[in-house]
Amino acid sequence: MKLLVSALEPSANLHLEPILNALEQCEIYGIFDERFGKPLMPSRAFSIMGFLDALPKIRKAKKAIKIMARMSFFVDKVLLIDSPAFNLPLAKAIKTINPNVEIIYYILPKVWAWKPKRVAAMEKYCTVLASIFPFEQQFYTKAVYVGNPLLDEIPLFKLRYEETGIVSFFPGSRKSEIRSLFPIYKELASKIEGKEKWLVIPAHYDYREIAEIYGDIHDFKICRNTYEALEQSEFAFVCSGTATLEAALVGVPFVLAYKAKALDYWIAKQFVKLKHVGLANIIFDFENKEPLHEELLQEEVYAQRLFEAYESVDREAFFSRITELRKILGHGSQEAMISIMKV
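As the structure is a prediction and not an experimental result, all values here were calculated from the model.

### Focus on the sheet that holds strand β10 (residues 221-223)
Taken in spatial order, the six strands of this open sheet run β10-β9-β8-β11-β12-β13, and their pairing is parallel. Both edges of this open sheet fall to β10 and β13 (294-297), since each of them pairs with a single strand only. Direction aside, neighbouring strands of the sheet carry axes that sit 20° apart on average. Two elements, strand β8 (residues 166-170) and strand β9 (residues 196-200), share four bridges in a ladder whose sense is parallel. Considered in β9, the bridge of Phe-169 is made with Leu-199. In the packing of helix α7 (residues 175-191) onto the sheet, contacts are made with β8, β9, β11 (235-239) and β12 (254-258), and the angle to β11 comes to roughly 155°.

Structural data, given as C-alpha cells:
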C-alpha cells in the first residue's frame, strides 16, 4: 500500500504508529515524524501554539498543500490526522484535483468546541470520518466512532490510588507553552516537600533544544516517556491537551494548568463556548456529569494557587470516577482503523 499521510502533531504521530505497524508493506509519503521514514516535511516544522505562532508558517503550509495534492495521484489512500487548520484545506485541494482518491480523516475537528461550519466541508471532501469521542456523532452525520486510541496505547491502567512519593510535571509539547508554564512549575515544585519531582520532556526534543527551551532543570528527574511518568506518579500537573485525558485514563489525580498568550486566549474565548478545557471534563459534560478534575486558567496559573489545588484534591474521589470515563469511551481505535485502511 502507498499512503499519503498528514500528521503534524506529536500526538498525531503517536496515533499513526500502531496503524503503520499493523499494515504490511506500507510506503508512506507526506508530513510525519522522521522515525517513520523520509517525509516531504517533518512534523516538527509545523509545531505551533496559538494564532500568532501560526502566522509565519502560513506560506510554508500553502506550499506543502499544493505539493501533497499532486502527490495524491501516486498513492492508494490518504490519511489525515487531526490539525484541521492544515488538513481540511489539504482535503479540499486533493479532492478538487483528484476526486476519486479515498481520504480518511482520523481524529476529527472539534466542531463541538468551535467552527461548526467545518462539518459540511468535512463531509464533502472526506470519504471516511473516523471519530474518537462517542458524542461527536451528535455533530457529524457521517462519522463512525472507531474508539479512542489512548485505550490501545496506554500500557497500564491503575486499579487503585497509591502514594508513590512522585509528583510529575507536564508543561506541554510545544515550545511556547513550555516557556509559559515551566517557570511557574519550577516555583511550584519548590513548595512541594518530601516528594520526588519528575519533569516530562517530549522525546522529540534533543539535548540542545532542552537547554534552550527549559533552562535550569537540575531540581527535577527527567523523564522522556509520558506513560512511565504517569505509572510512577501519585499526582501530576498537566497542561491542556491529550495529556490530560491520558492522566485521567491511567488513573493519576491531576490539576490542569492552561496559560496562553493573552491575545490568543481572548480570541479563543470569543469562539469556544465549552464549559471546560480538559478532555475528560468535556466528555463528562456531554454525559451531564460533574467535572472530573480542577482546571486553572490564565491568571489563575501561579505557583501558590497550583499548590493550594494540589493540597485540596480528593485523591480517592477522583480515582473512584476513572472507571466511568473508561466505560464511556469503551474501547481502543486500532482494530477499527486497521480494518478501514485495509478495505
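Having seen the model, we can carry on.
### Topic: the pattern of salt bridges
All chains considered together, the criterion is met by eleven salt bridges. With its nearest N and O atoms 2.2 Å apart, the salt bridge here joins Glu-212 to Arg-179. Residue Glu-212 is located in helix α8 (residues 207-214), and its partner Arg-179 is located in helix α7; the two are separated by 33 residues in the primary sequence. The closest approach of N and O atoms between Glu-234 and Lys-195, which form a salt bridge, is 2.9 Å. Within this pair, whereas Glu-234 is found in the loop between α9 (226-232) and β11, its partner Lys-195 is found in the loop between α7 and β9, the two being separated by 39 residues in sequence. In this structure Lys-195 comes out as partly exposed when scored by relative accessible area, which is 22%. Shared partners join several salt bridges into a network, and the residues in it are Glu-9, Arg-174 and Glu-177.

Rules and cut-offs
- Residues numbered from 1 in each chain as written.
- Predicted model: local features only at pLDDT ≥ 70, side-chain atom pairs only at ≥ 80, totals over all residues.
- Heavy atoms only, no water.
- Pairing = 2+ DSSP bridges.
- Helix = DSSP H or I, 4+ residues; strand = E, 2+ residues; numbered from the N terminus.
- Axes fitted to C-alpha atoms, helices over the stretch in contact; angles between N-to-C directions.
- Contact = heavy atoms within 4.5 Å.
- Salt bridge = Lys/Arg side-chain N within 4 Å of Asp/Glu carboxyl O.
- Buried < 20%, exposed > 50% of the residue type's maximum accessible area, 1.4 Å probe, protein only.

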